[in-house]
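Remarks on the overall topology
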Amino acid sequence: MLKDRITGSKALMRALQAEGVKTIFGYPGGSIMPVYDALFDYTRGEKKCFDHILVRHEQAATHAAEGYARVSGEVGVALVTSGPGVTNTLTGIADAMLDSTPIVVIAGQVPISALGTDAFQEVDLVGVAQPISKWSYQIRHAEDVAWAVSRAFYIARTGRPGPVVLDFAKNAQVEEIDWEPMKVNFVRSYVPYPKLDEKAVREAAELINNAKKPLALVGQGVELGNAQAELVKFLEKADIPAGRTMLGLSALPSNHPLNVGMLGMHGNYAVNLKEQECDVLIAIGMRFSDRVTGNLKTYAKQAKIIHLDIDRSEIDKNVKTDVAVVADCKESLPAITALLKENNHQGWRDSFRELDKKERQKVIEPAIHPKDGPLLMGEVVNAVAEQSPDDTILVTDVGQNQLFATRYFKYHHQRSICTSGGLGTMGYGMPAAIGATFAAPERTVCCFMGDGGFQMCIEELGTIMEQKAPVKMILMNNHYLGNVRQWQDMFWMRRKSFTKMMNPDYEQIAKGYGIAYEAISDRKDLAAAVERMLKTDGPFILECQIKEEDDVLPMTPPGMNVDDMKLEI
Amino acid sequence: MEENKKKLYTLLVYSENVAGILNQVTAVFTRRQVNIESLNVSASSIPGVHKYTITAWSDEDQIIKIAHQIEKKIDVVKANYFTDDQLFIRESGLYKLSAPMVMENPEISRTIRRFQASIIEVNPTYIIVQMHGVTEDIISLYRALDTFGCVLQYTRSGRIAVTRGMQEQVSEFLEEREQHG
């Protein structure tokens, strides 16, 4: 029989193809050149299987892979060189770890004969990446490629998803092997889908059936488990109001009658207060982040806590649970729903309204429909939300832009939000938005950024230009690092230490990259400018000169009780 | 953490025998700034599976979290925590004593016998004594010998332990995994 002899680099191409990879975000360099040489054939002509998107900085490759993964539900792929190439990806890897985003980062490495010699662009990647990745592995020989790649994708996408790092030694890239495909779908030490405990399901159902004031907290786990429909059935049957975490915002449509808003430090007023009043709290695919709970010592002490999560280590990590249902919520939600009584909690639900009204009056209306004064972030977000199609994907950077955008955007479609929730990575927005456009070319992608975050991955305008990636960039320019400035004003005696920022002429920058640009500062121009942005084919930068010192409200000050939420400062 | 709530816990960790696991296991402690008191790593009775015996001072809340975070590592098979009453525990001590001093003072030999330690090497310059037991026994012998001023070197191993329960749960777990995988 004729043997199929190929190099390790070509084996990587075949292994990626076998995993269904379509898009690779990458940046070449010395230690990954054999792979890039193999990639050349796989990205053009008859053999074309991949689109390779050349980013302008490796950090952006990981964020783009994250955006791609978040929107498509598939594994995002980043390909970089050794040394600085891969240390640049560490922020993205840590980001993906905290936000449970499935990405595979493949990095070149010096040949194994040079390992440990401080060779040019050598870094102990596996050592560095281990604490911030789900799995890291060094491919030392070409015969490992098929196994390692398949295992990497299996681990990244199953269970609680996360980033996997493959450190691909250069000798393994050029060695020749007889190709044998391999499919890993079992790792004996790894249980991605714990078996549903029926006793826990019964106990959970009983608590919910007897609850007078149940409250559900919906996290990204629902989207990761594709359990949006199961969630709605669960909530509707027992008539349970539900708040969503920032990452779980599109797990339940904004206009669903049981949706009571966003949780957390800058979430909605009613749901934050009601966490301290409910009698049964049902957390679904969320991890009780400190940004959600505030002071843990006082958090929801009056309530019985039910926690549904696929990751056992999340149970009792921050909040002690009464009933833990450790399983994929795609499985646990229907199992519990089957045991639920049809219920009606109208009185309880109505009690949210008074508080909603208060928030609407004091915070929301002044933020999204101001009568006078300078342009506000809230009204810009609202204008974009009103005019953009229902299935628009919201991408944010980090800071006030993120908080206003997540608060005032509308979510009608699943997998509609990309934001850096756990790590809070400035510079995430623009590259993640690029990734989102490749994951869903038919959907509109709106990316809100501040002037700080815009400049943190500003080089990606080059990628946007080259790819004509249709990212609608809304640059909310307040000439400040706004969120830090807000905290300085609130908690640091108004000492604005290095938060005022001098900005470049963004029009010139847009011009340099050949990207459509418009600037507004007057609210009467807002609606029409947003309309032009959305109607423009391809990328667009809408620079909004907004109020310099605006505060995100409401706010639970850090470390305070969740119901110490302030509607005004 | 209140110091008085702390107990010495023993973690038994089973992992695949692949490079870098020790690093991953200890990183869970490092991240929380918990000191590892003792650590023993060796092949287990299950082919391809390594066993780690780790002791650390902690409260129960924290040791549970540590065990869960360790078990979450992809190539870790199981991580369980125990208190001393749930385990048979042994450590070893090696004591290198000055031979002339031991010869001169018969009290030293009596002490060695009293502790049921054994002499495993004798030569004109030094004598090696070994002892197996729990931490306190091994330390006590050291203290006793040290009063004679005859100890040239002393070292104590990490703890090794087996559970008092009947089954090695790990082999059962792996069998079940292989069957249903």
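Because the structure is a prediction, the values reported are computed rather than measured.

What about the domain arrangement of chain A?
Residues and elements named next belong to chain A. If you check the domain split of chain A, you get domain 1 (5-178), domain 2 (198-350) and domain 3 (375-545). Each of domain 2 and domain 3 was reduced to a C-alpha centroid, and the two centroids are 31 Å apart. Taken residue by residue, the interface counts 12 residues in domain 2 and 13 residues in domain 3. Of the residues belonging to the side of domain 2 that touches domain 3, the class tally is 6 nonpolar, 5 polar and 1 charged.

Some words on the environment of Ala152 of chain A
Residues and elements named next belong to chain A. Inspection of the secondary structure assignment puts Ala152 in helix 7 (residues 145-157). Ala152 sits in the buried class, given 27 other C-beta atoms within 10 Å. The contact partners of Ala152, leaving out residues within four places of it in the chain, are Val104, Trp135, Val164 and Leu166.

A few points about the sheet that holds strand 14 (residues 323-326) of chain A
Residues and elements named next belong to chain A. Taken in spatial order, the 6 strands make up an open sheet running 11-10-9-12-13-14, and their pairing is parallel. Both outer strands of the open sheet, strand 11 (259-262) and strand 14, are each paired with one neighbouring strand and no more. With direction set aside, neighbouring strand axes in the sheet form an average angle of 15°. Summarising the sheet, strand 12 (residues 280-284) and strand 13 (residues 304-309) pair through 5 bridges and their orientation is parallel. Bridging from a neighbouring strand, Ala283 pairs with His307 of strand 13.

Things to note about the environment of Val363 of chain A
Within the element layout of this structure, Val363 of chain A appears in helix 15 (residues 346-368). In this view, Val363 of chain A contacts Leu553, Pro554 and Leu567 of chain A; residues no more than four positions away in its chain are not counted.

Some remarks on the interface of chain A and chain B
Counting from both sides, the interface comprises 15 residues of chain A and, opposite them, 17 residues of chain B. Residues belonging to the side of chain A that touches chain B are distributed by class as follows: 7 nonpolar, 4 polar and 4 charged.

What counts as what
Each chain has its residues counted from 1, running along the sequence as written. Whichever chain is written first becomes A and whichever ligand is written first becomes 1, with later ones labelled in order. For this predicted model, a pLDDT threshold of at least 70 governs which residues receive local features, and a threshold of 80 or more governs which side-chain atom pairs are given and counted, while totals over whole chains, interfaces and linings are taken from all residues. Throughout the structure description, domain borders are defined by an automatic or database domain assignment. The contact criterion used is a C-beta to C-beta distance within 7 Å, with each C-beta placed from the backbone. Charged residues are taken to be Asp, Glu, Lys and Arg, nonpolar residues to be Ala, Val, Leu, Ile, Met, Phe, Trp, Tyr, Cys and Pro, and polar residues to be all remaining types, Gly included. What counts as a helix is a DSSP run of H or I of at least four residues, what counts as a strand is a run of E of at least two, and both are numbered from the N terminus. For every residue, the other C-beta atoms within 10 Å of its own C-beta are counted; 20 or more classify it as buried, 12 or fewer as exposed, and values in between as partly exposed. C-beta atoms are placed from the backbone. Paired strands, in this sense, are two strands between which DSSP finds at least two bridges. Between N-to-C directions, angles span 0 to 180 degrees; the directions come from axes that are lines fitted to C-alpha atoms, helices contributing only their stretch in contact.

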